[in-house]
Amino acid sequence: MNHQTVRNKLIFYLEERLPGDEQQKVADHLADCGECRRYFELLKGELQLLDGNRQQEAGPYFYAGIKNRIEARKSCRSFPWQRALQPVMLALLLAVGIRFGIWVGNHAQAELSTTEQAVLVPFDDLSEEPIEEFLLNVE
Amino acid sequence: MTDQELVRQINSGDDKAFRLLVDRHQKLVLHTCLGFVQDRDDAEDLAQEVFVDVYHSLPKFRGDSKLSTWIYRMAVNRSLNFVRDYKRRRFFQAIGIGSSDDFNRDVADESWNSRPDHEVENKQRRTNLYHAINSLPERQRVAFTLSKLDDLSYQDIAGVMGLSLSSVESLIHRAKLGLQKKLYQCYKKGS
């Protein structure tokens, strides 16, 4: 058996799920090959960590925690109008926001057009003060 | 007391019956959650949430399957949702969106300071192992977790997952091969 074949069978070897002769061949290979044995030990250690989970017990306040959560959920459910009101409030807020945006837009537009008019009125300074008069006044 | 009687009594508002149900099944639910979630506190929170779901959904339990199978299914679904949310949170943290509290907590949890060496090593190995398990395709991960961590029979796993026995056997076989491969990659990186 080559290294790759053995490595592919190690997890099944650990669980003793290989047919008898294969189980023996892998054992023989592990006895001779240090590299595969090191990996086998690592794999064994990793999988043993999972066994530790089976010894875990729930904490002493486990049931009390469940009851608290149930009560908390019940109190949330006792105000169903809150849940119904939420989307209505959101829609209302959205509508107010849009209306406000339109108002701001219109207002800005009105201000802009006034400003534009003021800027756009041409100031004919020649008619106000002809160049000859200007030159005469220049000292 | 049979499962059906227990369910009937809980539905009629008997708190003691619910307590009995929790006592009977808390270990299996906690172990299932621990199979998906590395952190013990998270697993216990999840297990409590599963029982809250069970409490609220019991009136809908028709008794088509065993009560334990039904509870297992809820535990698996809750755990998978938790893992998906966790991955999503990690993604947003990685790109810099979301609260930094969780991220800081994770960093603190994985700190190697103030821990004895063997604990640090165990933690690192556990992290590698869970990383390898969580990188398996979802159905393989569920089947493997239920068989390895909860010692469920293949028949029970088939019931929980709603699959045929041969599909479960195939999933677990592939999961073991995949896990072995991923752990070997970790081993090569480490050596």
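Residues numbered from 1 in each chain as written. Chains lettered and ligands numbered in written order. Predicted model: local features only at pLDDT ≥ 70, side-chain atom pairs only at ≥ 80, totals over all residues. Heavy atoms only, no water.

### Focus: unusual backbone geometry
All names here are of chain A.
- Phi is positive for Glu16, which is not a glycine, with a value near 55°.
- Within the secondary structure, Glu16 is located in the loop between helix 1 (3-14) and helix 2 (20-32).
- Glu16 gets classed as exposed once you look at its relative accessible area, which sits at 65%. (Helix = DSSP H or I, 4+ residues; strand = E, 2+ residues; numbered from the N terminus. Buried < 20%, exposed > 50% of the residue type's maximum accessible area, 1.4 Å probe, protein only.)

### Some details on helix 3 (residues 34-54) of chain A
- An ideal rise of 1.5 Å per residue puts 30 Å on 21 residues; helix 3 of chain A measures up with 31 Å between its terminal C-alpha atoms.
- Among all positions of helix 3 of chain A, only Cys36(A), Tyr39(A), Phe40(A), Leu43(A), Gly45(A), Glu46(A), Leu47(A), Leu49(A), Leu50(A) and Asn53(A) are buried. (Expected span 1.5 Å × (residues − 1).)

### Structural notes on the nonpolar core
- Judged by nonpolar contacts, the single largest core of 48 residues is most densely connected at Phe18(B), Leu21(B) and Val29(B).
- Elements with a contribution of two residues or more to this core: helix 4 (62-77) of chain A together with helix 1 (3-11), helix 2 (15-36), helix 3 (40-57), helix 4 (67-94), helix 7 (138-150), helix 8 (154-161) and helix 9 (165-190) of chain B.
- The greatest single-element share of this core, amounting to 10 residues, is contributed by helix 2 of chain B.
- The contact partners of Leu21(B), leaving out residues within four places of it in the chain, are Leu6(B), Ile10(B), Phe51(B), Val54(B), Leu67(B) and Ile71(B).
- Of all hydrophobic cores here, the second largest spans 26 residues; its members include Leu18(A), Cys33(A), Leu47(A) and Phe144(B). (Core = buried A, V, L, I, M, F, W, Y, C linked by side-chain atoms within 4.5 Å. Contact = heavy atoms within 4.5 Å.)

### Examining the layout of surface pockets
All names here are of chain B.
- As a volume, the second largest pocket reaches approximately 160 Å³.
- Forming the boundary of the second largest pocket are Arg73, Val76, Asn77, Leu80, Glu138, Arg139, Val142, Val160, Met161 and Leu163.
- For the lining of the second largest pocket, the leading source of residues is helix 4, giving four residues.
- Counting contributing residues per domain, the lining of the second largest pocket is built from domain 1 (1-87) and domain 2 (116-191), each supplying no fewer than three. (1 Å grid on protein atoms, 1.4 Å probe; cavity = no way out; pocket = protein on both sides within 12 Å on 5 of 7 lines; lining within 4 Å. Points joined across faces, edges and corners; volume = space filled by probe spheres on them. Domains from an automatic or database assignment.)

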